Amino acid sequence: MLTHIYPLMYRLLAFLSSLPLLSSLLAPPSPCYSPSLAWVSPPIHSTSSLANPNFHAVFASPPSELYIIGDIHGCFHEFQLLLTKIHKAKCADVPLKTFYQRVIIAGDLVNKGPFSLEVLDFCRSNSILAVRGNHDDSALAVFRGSKRTSPAYHWTSSLPPTTARWLSSLPYTISIPDHDLLIVHAGVIPDRKLAQHTPYEMTTMREVFKRPDGTYETIQHRSQQQQIPPDSTPWAKLYNGEHGFVCFGHDARRGLQKEKHAIGLDTGCVYGEILTAFVSPGKELIAVQANMAYSKKTG
Ligand SMILES: [Mn+2]
């Protein structure tokens, strides 16, 4: 009997879901950190695996000015200095709460530096938008039980579950059509649709090379010792702007990368260099000097 009822219930639900009002009631719960972010694919708060579907978010009604910040890596004090500097320079008359709604982090909020928990807690409690970086993903993996012996991950044992949930709800890309912007941690593969990227590619790539069939493949190198293949090219040099102007991080070795359709914002704060913000739409850069080197540059 039940086997007859289930398909009928499913069809009824599908019909109800197609009605505008009910579809909003039946929709998956919205992400916890921004009422203005529309999800192309709904976030799934998996506690068992990082093999989540690709999260591609669209920021549909953004503020007229946005400040995109590169890799923070737990450099909480430099992060605060930069926020203060941007606020003072661009919108001192705007309340801080409103100002934070204009800030987006290009991933790798954590690890290497001393204050990962503080950075996460600040961003979560102030509803600051961010995309996920490879370090954010690996910290989540350790938090969920993946074995890492490195003391670099000890801080994850103090990660509050609410903050972990917030971190796991972050998308891999944020598209902002009104600014013609795409935020992603590491990059996108030229000539490839967003939906065809894996989280690993979006959080780790630096170079691409051409396959015999003419399509591009990613390369990510882990350390300075590892050779960059001679026939590869930094992806941003080949990117034609098809997803908008891309703000990314992840490549502290190259530092600031200014290309026609993309800008690389990992300017090595955690290595004692600088923390950089990109202003949209003005394309201005605002930066602060790191207080010290917290980590040795390896890649
Ligand atoms: Mn990274």
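Quick caveat: nothing in here was measured; it's all calculated off a predicted structure.

J.: I would appreciate a short explanation of the sheet that holds strand E8 (residues 207–210) in the present structure.
T.: The three strands are arranged E9-E8-E10 in an open sheet whose pairing can be described as antiparallel. Here the strands that pair on one side only, and so sit at the sheet edges, are strand E9 (216–219) and strand E10 (233–234). Pairing of E8 with E10 involves two bridges; the strand directions are antiparallel. Residue pairing for E10: valine 208 is matched across the bridge by threonine 233.

J.: Please explain helix H3 (residues 76–90) as it appears in this structure.
T.: Since the α-helix packs 3.6 residues into each turn, any two residues three or four apart lie on the same face. Relative to the 21 Å expected for 15 residues at 1.5 Å per residue, H3 spans 21 Å between its end C-alpha atoms, a close match to the ideal helical length. Among all positions of H3, only Glu78, Phe79, Leu82, Leu83 and Ile86 are buried. In an axial view of H3, the angular spread of the buried residues amounts to 140°, which keeps them on one side of the axis. In H3, the exposed residues that point more than 90 degrees away from the buried face are Thr84 and Lys88. Here the buried face of H3 lies against strand E3 (66–69), helix H5 (116–125), strand E14 (274–280) and strand E15 (284–289).

J.: Can you walk me through the sheet that holds E3 in this structure?
T.: With mixed pairing, five strands are arranged side by side in an open sheet as E5-E4-E3-E14-E15. Looking along the sheet, the strands with just one partner apiece sit at the ends: strand E5 (129–130) and E15. Contacts from H3 reach E3, E14 and E15, with the element oriented near 140° to E15.

J.: Could you clarify how one ought to interpret the packing of H5 against helix H7 (residues 161–168) in this entry?
T.: The geometry of a pair of packed helices is captured by two quantities: the angle between their axes and the separation between those axes. Direction vectors running N to C along H5 and H7 enclose 75°, while the axes themselves pass 10 Å from each other. Compared by their axis directions, H5 and H7 come out roughly perpendicular. Where H5 abuts H7, its residues Leu120, Asp121 and Arg124 lie against Thr163, Trp166 and Leu167. Looking at the contact of H5 with H7 residue by residue, the classes come out as three nonpolar, one polar and two charged.

J.: For this particular structure, what's the right way to read unusual backbone geometry?
T.: Apart from glycine, the bulk of residues carry a negative phi angle, and the bulk of peptide bonds sit in the trans form. Residues serine 280 and proline 281 are joined by a peptide bond in cis, for which omega reads 10°. Although it is not a glycine, serine 127 adopts a positive phi angle of roughly 55°. Its place among the elements puts serine 127 in the loop between H5 and E5. A positive phi angle is found at histidine 250, which is not glycine, with a value near 75°. A tally of 28 C-beta atoms within 10 Å means that histidine 250 is categorised as buried.

J.: How should I be thinking about the confidence of the model for the protein in this particular structure?
T.: Interpretation of the predicted coordinates at a detailed level should be avoided for regions scoring low in pLDDT. Scored by pLDDT, the protein has a mean of 82; 78% of the residues are at 70 or more. In the model, residues 13–54 has pLDDT below 50 throughout and makes 51 contacts with residues more than four positions away in sequence or in other chains.

J.: In this structure, what is going on with the environment of leucine 182? I would like to understand it.
T.: With respect to the helices, strands and loops of the structure, leucine 182 is situated in strand E7 (residues 181–184). Overall, the presence of 25 C-beta atoms within 10 Å leaves leucine 182 in the buried class. Placed 64 residues apart in sequence, leucine 182 and valine 246 show a C-alpha to C-alpha distance of 4.7 Å. Beyond its immediate chain neighbours, meaning those up to four positions away, leucine 182 contacts Thr173, Ser175, His243, Gly244 and Val246.

J.: Would you take a moment to explain the pairing of E8 for this structure?
T.: If a strand is regular, its side chains alternate between the two faces of the sheet. Of the pairings in the sheet, the one linking E8 to E9 comprises four bridges and is antiparallel in character. Within E9, the residue paired with valine 208 across the bridge is threonine 218. Following E8, the chain reverses through five residues before pairing antiparallel with E9; glycine 214 in that reversal takes a positive phi of roughly 95°.

Thresholds applied
- Residues numbered from 1 in each chain as written.
- Predicted model: local features only at pLDDT ≥ 70, side-chain atom pairs only at ≥ 80, totals over all residues.
- Pairing = 2+ DSSP bridges.
- Helix = DSSP H or I, 4+ residues; strand = E, 2+ residues; numbered from the N terminus.
- Expected span 1.5 Å × (residues − 1).
- Buried ≥ 20, exposed ≤ 12 C-beta atoms within 10 Å, placed from the backbone.
- Arc of directions from axis to C-beta.
- Contact = placed C-beta atoms within 7 Å.
- Axes fitted to C-alpha atoms, helices over the stretch in contact; angles between N-to-C directions.
- Parallel < 35°, antiparallel > 145°, perpendicular 65-115°, else oblique.
- Nonpolar A, V, L, I, M, F, W, Y, C, P; charged D, E, K, R; others polar.
- pLDDT = per-residue confidence, 0-100.

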